[in-house]
Amino acid sequence: MRQDGDVEAEGETFRLVVLASGTGSNLQAILDRLHGRDGIEVVGVGSDRPGAKALDRAREAGVATGIFPRDDFANREDRDLAMADWIESLDADLVVLAGFMALLTPPFIARFRNRIINVHPSLLPLFPGLDAIGQALEAGAPETGVTVHFVDEGTDTGPVIAQQAIPIRSGVERAELEAEIHAIEHQLFPEAIGMVARGEVRIAEDYPGRVIIERGG
Ligand code: GRF
């Protein structure tokens, strides 16, 4: 991972591989806001689902795709090994999970230690795992939000890079809340990725659960 300064000024490219299982609206935000700008390139989009709309978005943008359906491999470890080899063949600096619904195995996470980030639709550590928006509504929480975090072996437990809260208005429809959360994701996730690309984000050495942000001058 790059350590210091402006990516473009150093004449290097910061290379993203995005993994997505579904619609890929976050992938689209990354393509629209980051791809081909300030030295950042999306060099590959991988999916476990051959029909994922995210793959169409990648093809539309002229980005290489890789498809890794679980059924094509003997087990999850083998799938992840193939996917990790593909990601390395693209010389990726950062693996971006944008609605990637398959659980990653520990060897995959170890191979890209502190180089995998995820967006999650809650204020972690609240409501980790599946259907975070439904969990927040069910709990009657007064607010929820979006978290961007590094991925470790736990479920949505890695060090937090950025968070943004929104209130849950009384009687709000689920679809409305979802739309509000997605709108935040589409801003916050590219912003956080840009910070990582510029070397502004590091994990505290003596407190590995914490992230330190050092914005450029
Ligand atoms: C997002 O809500 C994200 O927080 C979660 O999966 C969803 C992906 O949506 N991890 P999209 O495929 O990017 O539209």
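Structure shown above.
Description of the structure in this document. Just so it is clear, the structure is predicted and the values come from calculations on it, not from any experiment. By convention here, each chain's residues receive numbers from 1 onward along its written sequence. Local features in a predicted model are, by the rule used here, given only for residues with pLDDT of at least 70; side-chain atom pairs are given and counted only at 80 or more, and totals for whole chains, interfaces and linings are based on all residues. As a convention, hydrogens and water are excluded, and side-chain values are obtained from all of the structure's heavy atoms.

**What to know about the environment of F108**
Step number 1: A helix here means a DSSP run of H or I that spans at least four residues, while a strand means a run of E at least two residues long, and both kinds are numbered starting from the N terminus. By the secondary structure assignment, F108 is in helix α4 (residues 106-111).
Step number 2: For the pair formed by F108 and T147, sequence separation is 39 residues and the distance between their alpha carbons is 22 Å.
Step number 3: In this structure, F108 is in contact with L19, D80, M83, A84, I87 and I116, ignoring residues within four places of it in sequence. A contact between two residues is defined here by any heavy atoms of the two lying within 4.5 Å.

**Some thoughts on the nonpolar core**
Step number 1: If you look at the biggest cluster of nonpolar residues, it comprises 47 residues, and the most contacted ones within it are L16, V96, I117, I161, F189 and I193.
Step number 2: Among buried residues, those of type Ala, Val, Leu, Ile, Met, Phe, Trp, Tyr and Cys that are joined through side-chain atoms within 4.5 Å constitute a nonpolar core. Each residue is assigned to one of three classes by its accessible area relative to the maximum for its type, calculated with a 1.4 Å probe on protein chains only: buried under 20%, partly exposed between the two thresholds, exposed over 50%. Ranked by size, the runner-up nonpolar core spans 20 residues in total, among them V43, M83, W86 and F100.

**Side note on the site of the ligand**
Step number 1: Here a residue counts as near a molecule or strand whenever at least one of its heavy atoms sits within 4 Å of it. The immediate surroundings of the ligand are formed by T23, G24, S25, N26, G99, V119, H120, P121, H182 and E185.
Step number 2: One of the backbone nitrogen or oxygen atoms of T23 is found 3.5 Å away from an oxygen atom of the ligand.
Step number 3: Compared with its free state, where it exposes 370 Å², the ligand has 83% of that area covered by protein.
Step number 4: The method works on a 1 Å grid over the protein atoms by themselves. A cavity is a set of points holding a 1.4 Å probe that cannot get out, a pocket is an open set with protein on both sides within 12 Å along at least five of seven lines, and residues with an atom within 4 Å of a point line them. Whether a molecule sits in a cavity or pocket is decided by its atoms, more than half of which must lie within 2 Å of the grid points. When each cavity is represented as a set of grid points, the ligand is found to reside in the largest pocket.
Step number 5: Broken down by secondary-structure element, the contributors of at least two residues to the shell around the ligand are α1 (25-33), β5 (116-120) and α6 (174-197).
Step number 6: Three classes are used, and their members are as follows: Ala, Val, Leu, Ile, Met, Phe, Trp, Tyr, Cys and Pro are nonpolar, Asp, Glu, Lys and Arg are charged, and the others, Gly among them, are polar. Per-class residue counts for the shell around the ligand are two nonpolar, seven polar and one charged. Here a polar contact is taken to be a pair of N or O atoms separated by no more than 3.5 Å, where protein atoms must pair a possible hydrogen donor with a possible acceptor and residues adjacent in sequence count only if both atoms sit in side chains. The method behind every accessible area is Shrake-Rupley, applied with a 1.4 Å probe, and residues are considered shielded solely by the protein chains displayed.

**Quick word on helix α5 (residues 132-139)**
Step number 1: Taken as a whole, α5 has its buried residues at A132, I133, G134 and A136.
Step number 2: For α5, the secondary structure elements touched by its buried residues are β5, β6 (143-150) and α6.
Step number 3: Two residues or fewer after α5 comes G140, characterised by a positive phi angle close to 65 degrees.

**Let's talk about the sheet that holds strand β3 (residues 65-67)**
Step number 1: DSSP calls a pair of strands paired once it identifies at least 2 bridges connecting them. On the basis of which strands lie adjacent, the open sheet formed by seven strands has the order β3-β2-β1-β4-β5-β6-β7 and mixed pairing. Of all the strands in the sheet, just β3 and β7 (160-167) have a single pairing partner and so form its edges. Between one strand and the next, the sheet's axes are offset by a mean angle of 20 degrees, whatever the strand orientation.
Step number 2: Sheet topology note: the strand β4 (residues 94-97)/β5 ladder contains three bridges and is parallel. The residue of β5 that forms the bridge with V95 is I116.
Step number 3: Here the axes come from fitting lines to C-alpha atoms, over the contacting stretch only for helices, and the angles between their N-to-C directions go from 0 to 180 degrees. Here α1 sits on the sheet in contact with β1 (14-19), β2 (40-47), β4 and β5, set at roughly 160 degrees to β2.
Step number 4: Lying over the sheet, α6 contacts β1, β2, β4, β5, β6 and β7, oriented at roughly 155 degrees with respect to β7.

**Regarding the pattern of salt bridges**
Step number 1: Each reported salt bridge corresponds to a side-chain nitrogen of Lys or Arg within 4 Å of a carboxyl oxygen of Asp or Glu. Evaluated as defined, the whole model comprises 11 salt bridges.
Step number 2: E153 is the partner of R113 in a salt bridge, and the nearest nitrogen-oxygen pair spans 2.8 Å. Here R113, found in the loop between α4 and β5, pairs with E153, found in the loop between β6 and β7; they are 40 residues apart in sequence, far enough to count as distant.
Step number 3: Under the relative-accessibility criterion, E153 is labelled partly exposed at 43%.
Step number 4: Through salt bridges that share partners, D85, E88 and R111 make up one connected network.

**Re unusual backbone geometry**
Step number 1: Cis peptide bonds are those with omega within 30 degrees of zero, and the linkage from L124 to P125 qualifies with 15 degrees.
Step number 2: Among the secondary structure elements, P125 is positioned in the loop between β5 and α5.
Step number 3: Look at F127: it is not a glycine, yet its phi comes out positive at around 55 degrees.

**Topic: the side chain of T105**
Step number 1: Inspection of the secondary structure assignment puts T105 in the loop between β4 and α4.
Step number 2: Residue T105 is classed as buried on the basis of its relative accessible area of 2%.
Step number 3: The residues touching T105, leaving out its near neighbours within four places in the chain, are R76, E77 and D80.

**What to know about the packing of α1 against helix α2 (residues 53-60)**
The relative placement of two packed helices comes down to the angle between their axes together with the axis-to-axis distance.
Step number 1: Their axes nearest at 9 Å, the elements α1 and α2 cross at an angle of 20 degrees. It follows that α1 is roughly parallel to α2 by the angle criterion. Every pair of crossing elements has a handedness; the one defined by α1 and α2 is right-handed. Here α1 contributes S25, L27, Q28 and L31 to the contact with α2, which in turn contributes A54, R57 and A58.
Step number 2: Here the residues of the contact of α1 with α2 are counted per class, giving four nonpolar, two polar and one charged. Should an angle fall under 35 degrees it is called roughly parallel, over 145 degrees roughly antiparallel, and 65 to 115 degrees roughly perpendicular, with every other angle called oblique. The hand of a helix crossing depends on one turn: near helix anticlockwise from the far one by less than a right angle means left-handed, and clockwise means right-handed.

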